[in-house]
Amino acid sequence: MSAPGAVEITAVEKLFSPTSGLGETTLSLEPGSFHSLVGPSGCGKSTLLNIVAGFTSPDTGDVLLDGRPVTAPTPEVGVVFQQYALFPWLSARANVEIALQRLVPGAGLRARRRRRDLALDYLDSVRMADHADSFPAQLSGGMQQRVALARALAAEPALLLMDEPFGALDATTRRHTQELLMRVWGKRRTTVLFVTHDVDEALLLSDTVHVMSPSPGAVVDSHTVHTPRPRDSTRPDSEQTRLRGMILRTIDHSIAQ
Ligand SMILES: Nc1ncnc2c1ncn2[C@@H]1O[C@H](COP(=O)(O)OP(=O)(O)O)[C@@H](O)[C@H]1O
Ligand SMILES: [Mg+2]
């Protein structure tokens, strides 16, 4: 069998009014690829992610993950949203352990130990093992997002959806968290669909950047980023600089129309 994580989004549309929502959108994500969606606020990025996550049903069109329709939330699709809170009454470790229930079921000592060890491994991969016993309220926003990422990865999703996950972080924390995401993704190679309004972030992280038009939004342009990894957002190469200009012009142009 080929690697899991092939996503076909076909002619999906969801309108809340004639001028708001998501216009007809078709996207194809190969297994293990990293795609970003950029576009102006309100263009339907979150609506698309909610549809792909199975939280919202589209008016028309469908989403296939490895050939099977996604019509409801499934453990095969992991989400890290900006507002997607951890359980506040559980430690960082327990938040990750919950995600392991499906893959390591059982209430016995052996299963619990296994979940504990795996949770610590996942927390370690996002540099949070030292804070395993902390509760969300004791952690900074960046740390909470790293735990949320560990939790999402622990469920071994075939597809990871991220909706402006670093939007609330300060610039330095954001850069470090982006680097961490790149390292973790480089090892696991889950298919990722990442929403951001930050073009530099999209160019830093993605194999392909899709640009959306406003109200109701639709993908108007897709760019492959050929810059080799690891990339450095503080020192963009000529490819990143060229694409940045093109993408910003596309967005400006579509807003002006
Ligand atoms: N549940 C909803 N009911 C009505 N309108 C909605 C709903 N969700 C989103 N919208 C509208 O659809 C448009 C796209 O929203 P959204 O997908 O959140 O945009 P983005 O994430 O790109 O900023 C916006 O105009 C928003 O107000
Ligand atoms: Mg949004």
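As the structure is a computational prediction, the values presented were derived from the model and not from experiment.

**Focus on the overall build of the chain**
No. 1: The helix and strand tally for the chain stands at seven helices and ten strands.
No. 2: Here the C-alpha radius of gyration of the chain, 18 Å, is about what a compact globule of 257 residues would show, namely 18 Å.
No. 3: The C-alpha extent of the chain, read off along each of the three principal axes, is 60 × 40 × 40 Å.
No. 4: Within the chain, buried positions represent 49% of all 257 residues.
No. 5: Across the chain, every contact between residues at least 6 apart in sequence was considered, and the portion connecting residues at least 24 apart equals 68%.
No. 6: Counting only carbon and sulfur atoms, one obtains 52% of the accessible surface of the chain, whose full area is about 12200 Å².

**A closer look at helix α4 (residues 141-154)**
The α-helix advances 3.6 residues per turn, and as a result positions three or four apart in sequence lie on the same side.
No. 1: Under the 1.5 Å per step criterion, the end-to-end length of α4 is 20 Å for 14 residues, consistent within 8% with the ideal 20 Å.
No. 2: Of all the positions in α4, only Gly142, Gln145, Arg146, Val147, Ala148, Leu149, Ala150, Arg151, Ala152, Leu153 and Ala154 are classed as buried.
No. 3: On its buried face, α4 sits against β6 (77-81), α2 (92-99), α3 (109-125), β7 (159-163) and α5 (171-188).
No. 4: Glu156 sits one or two positions beyond α4 and adopts a positive phi of about 50°.

**Examining the nonpolar core**
No. 1: Of all hydrophobic cores here, the largest spans 38 residues; its most connected members are Val96 and Met162.
No. 2: Of all the secondary-structure elements, those providing two or more residues to this core are α2, α3, α4, β7, α5, β8 (191-195) and α6 (199-205).
No. 3: Per element, the largest residue contribution to this core is seven residues, and it comes from α4.
No. 4: For this core, the domains that each give at least three residues are domain 1 (7-76 + 157-256) and domain 2 (88-156).
No. 5: When neighbours within four sequence positions are excluded, Met162 is seen to be in contact with Leu49, Val80, Leu149, Leu181, Val192, Leu193, Phe194 and Val195.
No. 6: Listed in part, the 25 residues of the second largest apolar core include Val7, Ile51, Leu65 and Val70.

**Comments concerning the packing of α2 against α4**
No. 1: At a closest axis distance of 7 Å, the pairing of α2 and α4 adopts a crossing angle of 25°. Accordingly, the angle class assigned to the pair α2 and α4 is roughly parallel. For the pair α2 and α4, the sense of crossing is right-handed. Mapping the contact onto sequence places Ala92, Asn95, Val96 and Ala99 in α2 and Val147, Ala150, Arg151 and Ala154 in α4.
No. 2: Class assignment for the residues of the contact of α2 with α4 results in six nonpolar, one polar and one charged.

**Quick notes on a nonpolar patch on the surface**
No. 1: On the surface, a nonpolar cluster with roughly 330 Å² of combined accessible area is contributed by Phe87, Trp89 and Ile98.
No. 2: As for its placement among the helices and strands, Phe87 is situated in the loop between β6 and α2.

**Some details on the pattern of salt bridges**
No. 1: In the structure shown here, the tally under the stated rule is nine salt bridges.
No. 2: The salt bridge involving Arg93 is made with Asp133; its shortest N-O contact spans 3.7 Å. Of the two residues, Arg93 is situated in helix α2 and Asp133 in the loop between α3 and α4; the sequence distance between them amounts to 40 residues.
No. 3: Where salt bridges share partners, they join Arg93, Glu97 and Asp133 into one cluster.

**Details of the site of ligand 1**
No. 1: Around ligand 1 lies a shell formed by Phe16, Ser20, Gly21, Pro40, Ser41, Gly42, Cys43, Gly44, Lys45, Ser46 and Thr47.
No. 2: One of the backbone nitrogen or oxygen atoms of Gly42 is found 2.7 Å away from an oxygen atom of ligand 1.
No. 3: A distance of 2.9 Å separates an oxygen atom of ligand 1 from a polar atom in the backbone of Lys45.
No. 4: Elements with a minimum of two residues in the shell around ligand 1: β2 (20-29) and α1 (45-53).
No. 5: Counting residues per element, the shell around ligand 1 draws most heavily on α1, at three residues.
No. 6: Residue classes in the shell around ligand 1 are distributed as three nonpolar, seven polar and one charged.

**Focus: the domain arrangement of the chain**
No. 1: As assigned here, the chain comprises domain 1 (7-76 + 157-256) and domain 2 (88-156).
No. 2: Domain 1 and domain 2 are separated by 26 Å when their C-alpha centres are compared.
No. 3: The interface of domain 1 with domain 2 comprises 15 residues on the first partner and 14 residues on the second.
No. 4: Taking both sides of the interface into account, the surface hidden between domain 1 and domain 2 amounts to around 1200 Å²; carbon and sulfur atoms contribute 71%.
No. 5: The three residues of domain 1 that bury the most area against domain 2 are Pro157, Leu180 and Arg188, which together make up 38% of that side's buried surface.
No. 6: At the surface where domain 1 touches domain 2, the tally comes to zero salt bridges.
No. 7: Top contributing element to the side of domain 1 that touches domain 2 by residue count: α5, with seven residues.
No. 8: For the side of domain 1 that touches domain 2, the residue count by class is ten nonpolar, three polar and two charged.

Calculation notes
Residues numbered from 1 in each chain as written. Chains lettered and ligands numbered in written order. Predicted model: local features only at pLDDT ≥ 70, side-chain atom pairs only at ≥ 80, totals over all residues. Heavy atoms only, no water. Helix = DSSP H or I, 4+ residues; strand = E, 2+ residues; numbered from the N terminus. Rg over C-alpha atoms; globule rule 2.2 N^0.38 Å. Buried < 20%, exposed > 50% of the residue type's maximum accessible area, 1.4 Å probe, protein only. Contact = heavy atoms within 4.5 Å. Areas by Shrake-Rupley, 256 points an atom, 1.4 Å probe, with all protein chains shown as cover. Expected span 1.5 Å × (residues − 1). Core = buried A, V, L, I, M, F, W, Y, C linked by side-chain atoms within 4.5 Å. Domains from an automatic or database assignment. Axes fitted to C-alpha atoms, helices over the stretch in contact; angles between N-to-C directions. Parallel < 35°, antiparallel > 145°, perpendicular 65-115°, else oblique. Left-handed = near helix turned anticlockwise from the far one by under 90°. Nonpolar A, V, L, I, M, F, W, Y, C, P; charged D, E, K, R; others polar. Patch = residues over 30% accessible without salt bridge, like charges linked within 9 Å, V, L, I, M, F, W, Y side chains within 5 Å. Salt bridge = Lys/Arg side-chain N within 4 Å of Asp/Glu carboxyl O. Near = heavy atom within 4 Å. Polar contact = N/O pair within 3.5 Å; in protein donor to acceptor, adjacent residues only side chain to side chain. Buried area = accessible area lost by both parts, 1.4 Å probe.

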